[in-house]
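Here is what each chain is made of, one letter per residue.
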Amino acid sequence: MSRPWTFDRRLALGLLPTPVLGLFVLLLGVALGPHGLTLLTPPVLSYLDPAVSVALAALGVLVGLGLDVRRPREGRLLAAASLEAGITMLLVGAGGLLMLSRSLAPADLAPWLVALLLGICASASATTATGASPESPAPATHIGDLDDVLPIVIGGLALGWMREGSLEAAAWLTLQASVVALVMALAAWLLVEQASSDSEQRVFTFGSLLLLGGAAEYLSLSALLGGFVAGAFWNFAGGPACDQIRRDVYHVQHPFMVLLLIIAGARVGFSPALFGLVVVYLVLRITGKVAGGWLVRRILPSDLPFPVGLRLMSPGIVGIAFALNVLQPGSEGAALVLAVAVAGSLGSELLSLPVRPSERPA
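This structure is a prediction, so every number in the text was calculated from the model and none was measured.

## Looking at the overall build of the chain
Within the chain, the secondary structure is distributed over 16 helices and zero strands. A total of 362 residues make up the chain; the buried ones form 53% of that total. Counted over contacts in the chain with a minimum sequence separation of 6, partners at least 24 positions apart contribute 82%. Approximately 15100 Å² of the chain is accessible, and the part contributed by carbon and sulfur atoms is 69%.

See the structure below:
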């Protein structure tokens, strides 16, 4: 029996195959954007918004495909990863709220909401491959994968709040959107399962990504959350259809990630006034990861290296992607979130390079 096709999500959720390349693409977006060579003008960027939503949905699918509740101890590792991400979210959110309440508060969003959005962006991370199989990653590596789940879920609720203005309405709207994403995922899984050729299967897979991203764009909701729900369902359903969907999404992951990084760089607007907030974001994010890693290691002492928090310093792409998902035309608060998330990710990635474990071929 042939070995099922697999891929390494650690490459999918990081800043492209190598962090240096990811940083280069991000800076390339800055150079091409309105604050650089003006090749990507605001009208051009607005035309690319639907494509960005599809790329966000594909990223959410990658996160969902990495969550397998049937894997031994998956629930325990998910709880540990969520605890680590929650600590980082609280620390960065508290520090951001303190800074915003003094002088940087935007006019269109409440300071607490901006602080929450910054905490969500900071809580995600990505680890590098260390020789373990992608199907059975080391616990520390898998925690770096699973700590994207909490920010995607909380981020979906935050976007619902921004649209509806109340927690109850946001929760109800997010639940409805998740059910719609689940129905789309079920339909795609059935169609791929019954398709007679690879080309038909690819059409159904990419069509489902278009539907997930388009629905989120139309409803002004989280494309990341919709993609995550679909990916988690496909992974749970399993079978040849899941293997085909996984393979097809893998083939387009890097073009989508390049698109997200270029658009994020082009849309970001830096200001000297944000320097203090970026420094606070960066320091508290690293502190949260180290503190969260220390606490998680107390829960799973025999499975994690010391210090595990340093393995989680690399931010990956989920935080930047969520900031793009939040971005709205003319929103001062959303623009602030994107600027701080991009600058903080650049700083975190650079600081993580000296402590990054040496990669060995799997």
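## Things to note about the pattern of salt bridges
Following the criterion strictly, the structure yields five salt bridges and no others. For Arg 267, the salt bridge identified is with Asp 49, shortest N-O distance 3.0 Å. In this pair, Arg 267 is assigned in helix H12 (residues 239–267) and Asp 49 in helix H4 (residues 49–65), connecting sequence segments 218 residues apart. On the accessibility criterion, Asp 49 (25% relative accessible area) is partly exposed. Notably, a salt bridge pairs Asp 147 with Lys 289, separated by 3.1 Å at the nearest N-O pair. Highlighted residues: Asp 147 in the loop between helix H7 (139–146) and helix H8 (149–164) and Lys 289 in helix H13 (residues 275–299), separated in sequence by 142 residues. We classify Asp 147 as buried; its relative accessible area is 0%.

## Brief notes about the side chain of Asn 235
With respect to the helices and strands, the residue Asn 235 is situated in helix H11 (residues 223–237). A distance of 2.8 Å separates a polar atom in the side chain of Asn 235 from the backbone oxygen of Leu 65. Filtering out sequence-adjacent residues up to four positions away, Asn 235 remains in contact with Gly 64, Leu 65, Gly 66, Leu 67, Asp 68, Arg 70, Cys 242 and Arg 246.

## Describing helix H15 (residues 318–326)
Most of H15 is tucked away: nine of the nine residues are buried. Every buried residue of H15 is accounted for by Val 318, Gly 319, Ile 320, Ala 321, Phe 322, Ala 323, Leu 324, Asn 325 and Val 326.

## Thoughts on the confidence of the model for the chain
On average, residues of the chain score 84 in pLDDT, and 86% of them are at 70 or above. Contacts for the low-pLDDT stretch residues 129–134, under 50 throughout, to residues beyond four places or in other chains number 20 contacts. This model gives residues 358–362 a pLDDT under 50, and the stretch forms eight contacts once residues within four places in sequence are excluded.

## Remarks on the packing of helix H5 (residues 74–104) against H13
Where H5 contacts H13, the two axes come as close as 8 Å, and the packing angle between them is 155°. Looking at the two axes, H5 sits roughly antiparallel to H13. Handedness of the crossing formed by H5 with H13: right-handed.

## Quick word on the packing of aromatic side chains
For the coordinates displayed, the defined rule picks out one aromatic pair. With a centroid separation of 5.2 Å and an interplanar angle of 90°, the aromatic rings of Trp 112 and Trp 161 are classed as edge-to-face. You can see Trp 112 sitting in helix H6 (residues 111–123) and its partner Trp 161 sitting in helix H8, a full 49 residues away along the chain. Taking the relative accessible area as the measure of exposure, Trp 161 reaches 27% and is therefore partly exposed.

Calculation criteria
Residues numbered from 1 in each chain as written. Predicted model: local features only at pLDDT ≥ 70, side-chain atom pairs only at ≥ 80, totals over all residues. Heavy atoms only, no water. Helix = DSSP H or I, 4+ residues; strand = E, 2+ residues; numbered from the N terminus. Buried < 20%, exposed > 50% of the residue type's maximum accessible area, 1.4 Å probe, protein only. Contact = heavy atoms within 4.5 Å. Areas by Shrake-Rupley, 256 points an atom, 1.4 Å probe, with all protein chains shown as cover. Salt bridge = Lys/Arg side-chain N within 4 Å of Asp/Glu carboxyl O. Polar contact = N/O pair within 3.5 Å; in protein donor to acceptor, adjacent residues only side chain to side chain. pLDDT = per-residue confidence, 0-100. Axes fitted to C-alpha atoms, helices over the stretch in contact; angles between N-to-C directions. Parallel < 35°, antiparallel > 145°, perpendicular 65-115°, else oblique. Left-handed = near helix turned anticlockwise from the far one by under 90°. Phe/Tyr/Trp six-rings, centres within 6.5 Å; stacked < 30°, edge-to-face > 60°.

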